[in-house]
Number of protein chains: 2
Amino acid sequence: MAQQEAREGRLRPARRLTLADDVYESIKTLVMDHILPPGERVNIDALSRELDVSPTPVREALARLEADGLVRKRPLSGYTTTPLLTRAEFDDLFEVRLLLEGATAGRAAAHASTEERQRISTEAAATIDVEAGDGYRRHAAFTALDATFHDLIAEVAGSPLLRDSITRLHSHLHLHRLYFPVTGAPDTNTEHQRIAAAIAAGDSDADAEAMRAHLTAARERHLPAFDQLPAPGAPRDPA
Amino acid sequence: MAQQEAREGRLRPARRLTLADDVYESIKTLVMDHILPPGERVNIDALSRELDVSPTPVREALARLEADGLVRKRPLSGYTTTPLLTRAEFDDLFEVRLLLEGATAGRAAAHASTEERQRISTEAAATIDVEAGDGYRRHAAFTALDATFHDLIAEVAGSPLLRDSITRLHSHLHLHRLYFPVTGAPDTNTEHQRIAAAIAAGDSDADAEAMRAHLTAARERHLPAFDQLPAPGAPRDPA
DNA sequence: CGAGCCTATTTCCTATAGGATGTTGCTTTG
DNA sequence: CAAAGCAACATCCTATAGGAAATAGGCTCG
């Protein structure tokens, strides 16, 4: 796949000046799209052959991904992709999101410039073309849209630290979300628009509340996925 | 220094099974103790010679440290240690700490077991032997004590995600704190004991408030350090 | 005397090879 | 037939070498 492009020199000019960064993005995509399934072993040599690079940059990218929490490293056994969220981890994630993103939304409503308020409204109005692509692609696009919206608000809030923390949380959820497609895209859009409206009005409290309501609702929408799970860690659970 | 120990085989048996992890801790210590000053260039080859290992594990460790925010990587120019916090970044840091650690303290007061409440009280009572060591060592010990206390509370709160986020923030502050020793160790101890008392009493609201008061006071204590700063990026002044 | 250009050095980045360790499958024994 | 021990395999981990890019210093030109 990608290696042909590399050999033909198409991928090279577009790379980020350092091969390791490019490899990092490639592997991240592989994990996010579940081409590398959760809980699976990650073979460094196989990856380097697949991407047509030496193991060294792959190793460097894997180290960064471990810090991101997308892969784990067992000392003398190699890397594995992180298993799916357990119910407890899922609850924890949303509690922290409620805290962080609630505060972030409040800040965004207070700090946003006129131009930024406009941008948020536009983004909230954006919707997925329901007829475009198959179910998987449409769901992936919807997921990406949601992530973009939340990141935009975090950016406007003006706290780099908050934004980083939120981004970090999102990658965990993203991993889970793609695995169990959930319905509720129209609801999500409606909730996003409520948030955007509160920001446009400059009402911090209302925006924080709208964000919390959105997250609570999203949490409820995801919950049924756990009933489909035979065991909370089933793929590979040595511990 | 460390290389002699390595050659004599003293460091080898104690290592974490993977050399890269050991190197990671070594470099982290070098950065924290300002043996590698903030804003300085980090030479990979020099580091590998210093630690008596090959550049590969050094590179891997650096990648992880970059994700931690302790070093930055400029695409074709190598790694540099992160510069000291600017005033804006400092304010941002404490705002996020207020949010995260306030909520964490509240949770800790609600969730802690009897044994954990006892452990926290003991930790809060622990004090630095003022006569032990020189000013630098004493300050480093005090800093470590403070970090331990905060991490203990985060652990008791029972949210792995919150704990990780807080730990991440602390490493940034630690970097800054060691550079500008501040007074107020007795005050810190008093405030810690108030927090411990609220946890012992199981009063969530009071504990959250005590933690926020502690952080606000700590922020005030650190503030004068910025007056000593000639320029936001000037690494070494009166050595 | 200053600015721009060129060259040389240093440094980073990537690739390949060898040693050590964990894992897996098979055989053997109780 | 099951469990334990052994051996072969695959994989990771570390070390070394070579190529490419950027930075710094010196020189020439205006």
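A look at the sheet that holds strand S2 (residues 71-74) of chain A
With respect to topology, 3 strands assemble into an open sheet ordered S1-S3-S2 (chain A), the strand pairing being antiparallel. Bordering the open sheet on either side are strand S1 (41-42) and S2 of chain A, each of which pairs with just one other strand.

Remarks on the pattern of salt bridges
If the charged atoms of two oppositely charged side chains come close together, the side chains can form a pair. Under the definition given, this model contains 30 salt bridges over all chains. One salt bridge connects Arg64 of chain B with Asp21 of chain B, and the closest N-O pair in it is separated by 2.8 Å. Of the two residues, Arg64 of chain B is situated in helix H4 (residues 55-68) and Asp21 of chain B in helix H2 (residues 19-32); the sequence distance between them amounts to 43 residues. Note on accessibility: Arg64 of chain B and Asp21 of chain B belong to one class, buried. Taken together, the salt bridges that share partners define one network made up of Asp21, Glu60 and Arg64 of chain A together with Arg59 and Lys73 of chain B.

Digging into the protein's contact with DNA strand C
Taken together, 17 residues surround DNA strand C, and among them Leu19, Ser54 and Arg74 of chain A together with Asn43 and Arg59 of chain B come closest. Those atoms of DNA strand C that come within 4 Å of the protein belong to sugar or phosphate at a rate of 78%. Note that a phosphate oxygen of DNA strand C is positioned 3.0 Å from one of the side-chain N or O atoms of Asn43 of chain B. In terms of residue class, the surface near DNA strand C is built from 8 nonpolar, 5 polar and 4 charged.

Regarding the interface of chain B and chain A
Size of an interface, as often reported, equals the accessible area lost when the parts are brought together. Tallying the contact residues gives 29 residues for chain B and 29 residues for chain A. Both faces considered, chain B and chain A share a buried interface measuring about 2500 Å² in area, 62% of it formed by carbon and sulfur atoms. At the junction of chain B with chain A, the criterion picks out 8 salt bridges. Between Asp21 of chain B and Lys73 of chain A there is a salt bridge, and its shortest N-O distance comes to 3.7 Å. Remark: the boundary between chain B and chain A carries 8 residue pairs in polar contact (both at pLDDT 80 or more). Looking at the side of chain B that touches chain A, the elements with two or more residues in it are H2, H4, helix H5 (87-111) and helix H8 (160-179) of chain B. The element best represented in the side of chain B that touches chain A is H5 of chain B, accounting for 8 residues. Of the residues contributing to the side of chain B that touches chain A, the split by class is 16 nonpolar, 3 polar and 10 charged.

What about the relation of the copies chain B and chain A?
With an RMSD of 0.0 Å, the operation that places chain B on chain A is a rotation of 180° combined with a shift of 0.0 Å along the axis. The relationship between the two copies is best expressed as a two-fold rotation axis.

Some points on the environment of Glu66 of chain A
All names here are of chain A. Inspection of the secondary structure assignment puts Glu66 in helix H4 (residues 55-68). On the basis of relative accessible area, Glu66 is assigned to the partly exposed category, the value being 24%. Expressed as a C-alpha distance, the spacing of Glu66 and Thr80, which sit 14 residues apart in the sequence, is 9.5 Å.

Notes on the pairing of strand S2 (residues 71-74) of chain B
What you see with S2 of chain B is a clean split: Val71 and Lys73 of chain B sit on the buried side and Arg72 and Arg74 of chain B on the side with no burial. Here S2 of chain B hands over to strand S3 (residues 78-81) of chain B after 3 residues, the two strands then running antiparallel side by side.

Considerations on the packing of aromatic side chains
For the coordinates displayed, the defined rule picks out 4 aromatic pairs over all chains. Summarising the aromatic geometry, the rings of Phe90 of chain B and Phe94 of chain B are spaced 5.0 Å apart at their centres and angled 45° between planes, so their arrangement reads as tilted. Taken together, the positions of Phe90 of chain B and Phe94 of chain B, both in helix H5 and 4 residues apart, correspond to about one turn of that helix. Each member of the pair, Phe90 of chain B as well as Phe94 of chain B, is classed as buried. A network of ring pairs unites the aromatic residues Phe90, Phe94 and Phe226 of chain A as a single cluster. Seen from the ring of Phe94 of chain A, Arg97 of chain A lies directly overhead, with NZ or CZ sitting 5.3 Å from the centre.

Definitions and cut-offs
Residues numbered from 1 in each chain as written. Chains lettered and ligands numbered in written order. Predicted model: local features only at pLDDT ≥ 70, side-chain atom pairs only at ≥ 80, totals over all residues. Heavy atoms only, no water. Pairing = 2+ DSSP bridges. Helix = DSSP H or I, 4+ residues; strand = E, 2+ residues; numbered from the N terminus. Salt bridge = Lys/Arg side-chain N within 4 Å of Asp/Glu carboxyl O. Buried < 20%, exposed > 50% of the residue type's maximum accessible area, 1.4 Å probe, protein only. Near = heavy atom within 4 Å. Polar contact = N/O pair within 3.5 Å; in protein donor to acceptor, adjacent residues only side chain to side chain. Nonpolar A, V, L, I, M, F, W, Y, C, P; charged D, E, K, R; others polar. Contact = heavy atoms within 4.5 Å. Buried area = accessible area lost by both parts, 1.4 Å probe. Least-squares fit on C-alpha atoms with pLDDT ≥ 70 in both. Phe/Tyr/Trp six-rings, centres within 6.5 Å; stacked < 30°, edge-to-face > 60°. Lys NZ or Arg CZ within 6 Å of the ring centre and 35° of its normal.

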